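Per-entry structural report
Residue strings, one per chain:
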Amino acid sequence: MKHKLHKLTLGVIIVVLVLWMASGGVLYYLYQSMQASTQIQLQAETKEYKKRILKQIDYNFQCLRTAASILSYEDLEDRERLYTVLQTANGSNDFVNMAFFTQDRMGVMTRSDVDNPQSFPLAQCQADVIDTVESAFEGKESISRLFSSADFKTAANNEKLCTYSVPVYKGGAVVGVLTACDNIGIFEEILSGDTVLGGKGYLHLLNDQGEFLIRSSYSVIKEQPETLLDDSFMSEEAQAAVRKAFANQEGVSSSFVYDGNRYQFCIEPVGVNNWYLYCADTDMSTSQYMGHILMVAAVSLSLMVLVAMAILYLGYMAFRRNSAALVKLAYYDRVTGAENAIRFEQRLEAHKAQHLPYSIVAVNIHRFKFINELHGSAGGDQVLRDLKAAIEEQIRPGEFFCRDAADLFYIMMEDTDEAVLRGRVEQLTAAVRTAWQKHYGGGVALYCGVTVGGDRVQALLAMQSIQASMQTEISFYDAKVHAEERRKCQIENTMQLALDQEQYELFLQPKFRLDTGALAGAEALVRWRKPDGTYRYPNEFIPLFEENGFCTQLDLYMMDQVCRQLRRWMDAGRVPVPISVNQTRLLFFSAGYVEKLTALVQKYDVPPQYVTLEILEGVATGNTKELNDVIDQLHQQGFRVSMDDFGTGYSSLNALYQLKIDELKLDRGFLAMAATEEDAARRRAILDQIIQFARTMGLETVAEGVETAEDEALLRELHCDLGQGYYYSKPVDVKTFDEAFMQ
């Protein structure tokens, strides 16, 4: 019996030891898997920030290239003119200063805090500046290492700077170098935020000596060592791995211990000036969770083998669920379940590494914002899920896609033939349209951009080139799209200078009373007169200004021009006619809007009732109360408010009823030539009802697009108040308007 007891005890001990070792092995495996998952997320986050930094650097170089191309047409011996060009270019960018060096290494520089040109020899500059300039004289674009502005005599403050240098060519030869000095504020904004790893991580920027170029304020280490390799909390093994990575210019992943807690980190080379990104994970939930599992396992094993086995099994299953959730959070979109842009880029890089052909398709939904407004967020989400399902049905094995943001999707297709790609995209749009009709009984339209062997940016540019067109569903990235992007860049680089030089001219198109034929007013329209005397028309620059926000400055400038013209008429003893001025959404809801307009009419001492402010019906969407508050303030100051282009969007008579406007301006589409008599009858009926409704509401009506005597007769018959269009006059400059209509 005693012998059996010994054997049983020995057996129990062996079983317990085996289970303990097995559980230890499982727990170690779980721990390593968690560490590997954390490292994958760290590496993905670091590479994303690396792309942001490189994108910013490329943007700065693009700004310099644009300025350099302008300099190539200038007389480089004329220092005063050269300084003016530099000052204008510097004013359009956020550089600390800009300088131009001639072949004799003499420079002229402009700076935001100095008004006069400064000439100086290159030899007086900091060594890093000299290196970049000399590289540019050899035809190479370059960026310097970071250096202190205390060592740079032309800097205004003691801060860290870097310089960008590009060659300036004339006749194919380098005739000078354009250099811009910039602080590292943009990099600090990228790296020092609290959004790294969802607020559970931080980033440093290092050089290849481990020195901190930009140090995050969110670091868990309170001490501030001079270099990463001085960090006493990093093991010798980890330090050796970091040194090896610096020597080989490669990435590395490891960990360090601080205050008893272990933190994961990874280092990734940026690819510029031997800079490296250091990313650390500060989330302690994984370590705490692991400690809990170990404690439960130890207690359970000491009480009962079966309980221990159950706990180990449950712990393993819990880890698998949590691991799957982490992967889903890191790489998948919450609304549709599709992969996100980070995962897409990883898979694209792997595909490109195999040197396989591919194309990228960018997919977007026309007027997705209105779908959300009409059907709510649930309806918008359903459209996104329908689009995701349609893409899944269309792609082939080996192809993949992602949802980037809002209604933007990217697809990697292995086809490169344009006809094949066009056919596949048309199948995709048809499938989405069918699914949408099934849910809501209406139509939905897609527009797509395609680049063969390119990147997401090129596909996006191709897509944006047809954003305003409802007839074109697909566009391929080509020289035309690239030229359009360069055209936009050139417009953005000169738009402020054009405003300063008053290149934007006031044109007027008259309005006439339909019952008497008398002149009743005019609409202010803008034309951009370039220095060579040619014009840019609004459709070339207004959409771009609405995208980048410059429209607010242009709107106020046009308001100033209108008040100035009203003052001229009054000074000449003429009775002014009211002028309507277009107002964009950005300006209308901007702070101090009413005060700015009031200040302008007071500046020129003109009655506000001569100014009508035109807003598009889209301004009222979802903002009726806020819009009426602004209109009330405008009415108190004496201004009139008109709704422009009524009928172009999702017009709502209910919304019109709620608005406190004074005038309704009917879109020119109501007068467009109808395809059939039945269509013409329907348009007439709709136009009649709108005019009658407006009259009932006490609103004055204005019809745009009057081009024939028949148009005028129809509007007069329907009792429309005013007419405007080419039947009376095209938009003309102020002098021509005066001679034709104000005598």
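Residues numbered from 1 in each chain as written. Predicted model: local features only at pLDDT ≥ 70, side-chain atom pairs only at ≥ 80, totals over all residues. Heavy atoms only, no water.

What follows covers the overall build of the protein. Helix and strand counts for the protein come out as 21 helices and 27 strands. The buried share of the protein, taken over its 743 residues, is 47%. If you take every contact in the protein between residues at least 6 apart in sequence, the share linking residues at least 24 apart comes to 62%. Surface summary for the protein: the accessible area is close to 36800 Å², and the carbon and sulfur share equals 52%. (Helix = DSSP H or I, 4+ residues; strand = E, 2+ residues; numbered from the N terminus. Buried < 20%, exposed > 50% of the residue type's maximum accessible area, 1.4 Å probe, protein only. Contact = heavy atoms within 4.5 Å. Areas by Shrake-Rupley, 256 points an atom, 1.4 Å probe, with all protein chains shown as cover.)

An α-helical segment advances 3.6 residues per turn. Residues three or four places apart therefore align on the same side. Helix length check: helix H17 (residues 624–637), at 14 residues, gives a terminal C-alpha distance of 20 Å against a target of 20 Å (1.5 Å per residue), a fit within 8%. Of the residues making up H17, those classed as buried are Leu627, Asn628, Val630, Ile631 and Leu634. End-on view of H17: buried residues confined to an arc of 160°, all on one side of the axis. Looking at H17, the residues exposed on the side facing more than 90 degrees away from the buried face are Lys625 and Gln636. (Expected span 1.5 Å × (residues − 1). Arc of directions from axis to C-beta.)

Right, let's get into the packing of aromatic side chains. Taken as a whole and judged by the stated rule, the model has 25 aromatic pairs. A ring pair is formed by phenylalanine 344 and phenylalanine 400, whose centres lie 5.3 Å apart and whose planes are at 70°; its orientation type is edge-to-face. On the criterion of sequence distance, the pair formed by phenylalanine 344 in helix H8 (residues 341–353) and phenylalanine 400 in strand E14 (residues 400–405) is long-range, its members being 56 residues apart. Grouping residues by exposure puts phenylalanine 344 and phenylalanine 400 together as buried. Centroid distance phenylalanine 545 to phenylalanine 550: 4.9 Å. Interplanar angle 70°. Geometry classified as edge-to-face. Each member of the pair, phenylalanine 545 as well as phenylalanine 550, carries the same accessibility label: buried. The rings of Tyr504, Trp528, Phe541, Phe545, Phe550 and Tyr557 are connected pair by pair, giving a single aromatic cluster. (Phe/Tyr/Trp six-rings, centres within 6.5 Å; stacked < 30°, edge-to-face > 60°.)

Taken by themselves, the reported measurements are silent on function.
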